[in-house]
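What follows is each chain in one-letter form.
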Amino acid sequence: MFYLTIDILGTIAFAISGVLVAMEKKLDIFGVLIIAFVTAVGGGTLRDMLIGNTPVVWMHELVYIFTILGAVIFAILFVNQIKYLRKTLFLFDTIGIGLFTMVGIEKGLSADLMPVMCIILGTITASFGGVIRDILCNEIPVIFHKEIYATACILGGLSYFLLIQLPIDDTYAYSTAILIIILVRILAVKFHIALPNIYRSKGT
Amino acid sequence: MFYLTIDILGTIAFAISGVLVAMEKKLDIFGVLIIAFVTAVGGGTLRDMLIGNTPVVWMHELVYIFTILGAVIFAILFVNQIKYLRKTLFLFDTIGIGLFTMVGIEKGLSADLMPVMCIILGTITASFGGVIRDILCNEIPVIFHKEIYATACILGGLSYFLLIQLPIDDTYAYSTAILIIILVRILAVKFHIALPNIYRSKGT
Amino acid sequence: MFYLTIDILGTIAFAISGVLVAMEKKLDIFGVLIIAFVTAVGGGTLRDMLIGNTPVVWMHELVYIFTILGAVIFAILFVNQIKYLRKTLFLFDTIGIGLFTMVGIEKGLSADLMPVMCIILGTITASFGGVIRDILCNEIPVIFHKEIYATACILGGLSYFLLIQLPIDDTYAYSTAILIIILVRILAVKFHIALPNIYRSKGT
């Protein structure tokens, strides 16, 4: 029940982020809906196709379709008000990233994959919805040049595999990893921490 | 035989639409061929990967490869004449959309998916070839901002699931759904019916 | 051992080509890493998803991840020196294309596909990493309008299926096909051989 709630909140936040990008591109209602859908379930869909977990997960669960539909209608109706919700959405989004990463890692473990591959799958689950959204909107994916996002997923995933070495409960390790992802992302955004620059700055 | 003919006509129309977009981008012969191929089979390929129906369908059937190859050669040779065929191509394309939608719905039913998911699969089958074509050509997919296209697929799919509730033959429901898709699209294009605008018009 | 070496060299060349395109787009470290990864394994990943060979191949082998990681670090550190290595990289890249094509063909044969489909799979294995790289970087894929690349794969694949008709050893046919791909590409680049132009030149 607790995880389902987080899952739904994350899906809502992802879908709304899709609506906002799509509306900036002046897509029609159908386009907005597709972009919202792809943003919310794209990462999990790619993950499932990579490991052969088909039909992919949202095909068995009406809850995703209806959550996304509701989020899209809400976002289109209140698009002007949504800017006042940015902080709430950022929080939902960050919680979603944390949970989605761990869901991906779990799926990797059930498919008997090595920890490194599980962490990659977790990161794909949490971040490729946004990548596909940006590609469909003809933009270079924002996570490739701006946000600490995947880094948070990777750090959380690493923590999880370190924590389960300790004599502690798996649920505890799982929740701690989610919290670490959330914390890393919030701190990075708050203190403008970015990945080290690999380009020489001009003029210095 | 009848369905095969429609399938081939749809494939030809889709492939030619790929050639036209690719030639506008001045791609070379190989690029034109790939875009034509992806436009014609991309939707069905994504559908098959989503439900785990692999190897995907065109890998078992030489008929698609050769139909597309023929259509590409024809389209490149007669590119200047093709504009006079626009009406014929639009008709083939629309018939193809109708059939492809129902093929996708059938595949969803064989995979024991819920009606909503079947309709989504049908719409993906009919429309994602064009989406992938536009992404490969570095354009925002045209169906996200211009055409009533997916809406026709969804309406047709809904009709099908309503019709099979009635005590009528499945073939009859199937054909009626295809006709509804064709009619909706033709009427939408003829009378310039578009999706409701979700953006405030400026200056009013 | 011999094939593993070629595989690694090809992976390095593909990854470095990804780094160079990504750095031109000023992506951050994470973006550069993803583009390098996708360029190196994207073709094989798409192939595996198309034939249902899941989890896809790199998920079972740490060697790809670490090779790509090493190549990315090297390429970022020595980006200014890499231009002096262009010939070496072109050679690695070309050898990689030859091998990757044949790996794809082998996978098609194991999946009982027809020769035409195997050649398509080989070409996808060798060329779609670069296609996905260009799409993620918001460019029209370079192989659709500039390079003889896929043509080399197709010619090599055809040769393989002709050669195995002869009473010769399979290994011999396999190696000859790789050599043909390498030769076709080197000759095409050296003598500026391009695909026939399908556009009327202006002003004549």
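Keep in mind the model is a prediction, meaning the values are calculated, not measured.

## As for the nonpolar core
Formed by 192 residues in total, the largest nonpolar core has its most connected members in Ala36 of chain A, Ala36 of chain B together with Ala36 of chain C. If we ignore the near neighbours within four places in the chain, the residues touching Ala36 of chain C are Ala15, Gly18, Val19, Ala22, Ile68, Ala71 and Val72 of chain C.

## A word on unusual backbone geometry
Following Thr54 of chain A, the chain continues to Pro55 of chain A via a peptide bond in cis, the omega torsion being -10°. As for its position among the elements, Pro55 of chain A is in the loop between helix H2 (29–51) and helix H3 (62–77). Look at Asp112 of chain C: it is not a glycine, yet its phi comes out positive at around 60°. Classification of Asp112 of chain C by C-beta neighbours within 10 Å gives exposed; the count is 12. If you check the backbone angles, His192 of chain C has positive phi at about 50° while not being a glycine. Locating His192 of chain C in the fold gives a position in the segment after helix H7 (170–190). The exposed category is assigned to His192 of chain C, around which 7 C-beta atoms lie within 10 Å.

## Observations concerning the interface of chain A and chain B
In this assembly, 21 residues from chain A lie in contact with 22 residues from chain B. Put simply, the parts of the chain that give the side of chain A that touches chain B at least two residues each are H2, H3 and helix H5 (115–136) of chain A. The biggest single contributor to the side of chain A that touches chain B is H2 of chain A, with five residues. Its residues placed into classes, the side of chain A that touches chain B shows 14 nonpolar, four polar and three charged.

## What to know about the relation of the copies chain A and chain C
Superposition record for chain A on chain C: RMSD 0.0 Å, screw rotation 120°, translation along axis 0.0 Å. Taken together, the rotation angle and the small translation identify this as a three-fold axis. Mapped onto chain C, only 18% of the interface residues of chain A are again interface residues, and the two copies thus contact each other with different surfaces.

## A look at helix H1 (residues 2–24) of chain A
Residue and element names in this part refer to chain A. A rise of 1.5 Å per residue sets the reference length of H1, with its 23 residues, at 33 Å; its end C-alpha atoms lie 34 Å apart and thus fit the reference within 8%. Contacts made by the buried residues of H1 are with H2, H3, helix H4 (86–110) and H5. Lys26 occupies a position one or two residues after H1 and carries a positive phi of about 60°.

## Focus: the relation of the copies chain A and chain B
Of the transformation superimposing chain A on chain B, the axial component is 0.0 Å and the angular component is 120°, with the fit at an RMSD of 0.0 Å. A different interface surface on each copy is seen, since only 19% of the contact residues of chain A are contact residues in chain B too.

## Regarding the interface of chain A and chain C
Across the boundary between the two partners, chain A contributes 22 residues, which contact 21 residues of chain C. At the level of elements, H2, H5 and helix H6 (150–163) of chain A are the ones that each hand at least two residues to the side of chain A that touches chain C. The class makeup of the residues in the side of chain A that touches chain C is 17 nonpolar, four polar and one charged.

Definitions and cut-offs
- Each residue is numbered by its place in its chain's sequence as written, counting from 1.
- Think of it this way: whatever chain is written first is A, whatever ligand is written first is 1, and the rest follow in order.
- Reporting in this predicted model follows two pLDDT cut-offs: at least 70 for local features of residues, and 80 or more for side-chain atom pairs to be given and counted; totals over whole chains, interfaces and linings ignore these cut-offs and use all residues.
- The term nonpolar core refers to a set of buried Ala, Val, Leu, Ile, Met, Phe, Trp, Tyr and Cys residues connected through C-beta atoms within 7 Å.
- Note on burial: count the other C-beta atoms lying within 10 Å of the residue's C-beta; 20 or more is buried, 12 or fewer is exposed, in between is partly exposed, and C-beta positions come from the backbone.
- Each residue gets a C-beta atom placed from its backbone, and two residues are in contact if those atoms lie within 7 Å.
- A run of DSSP states H or I qualifies as a helix once it reaches four residues; a run of E qualifies as a strand once it reaches two. Both are numbered from the N-terminal end.
- Ten residue types, Ala, Val, Leu, Ile, Met, Phe, Trp, Tyr, Cys and Pro, are classed as nonpolar, four, Asp, Glu, Lys and Arg, as charged, and the remainder, Gly among them, as polar.
- Only residues with pLDDT of at least 70 in both copies contribute their C-alpha atoms to the least-squares superposition of the copies.
- Multiplying one less than the number of residues by 1.5 Å gives the expected span of a helix.

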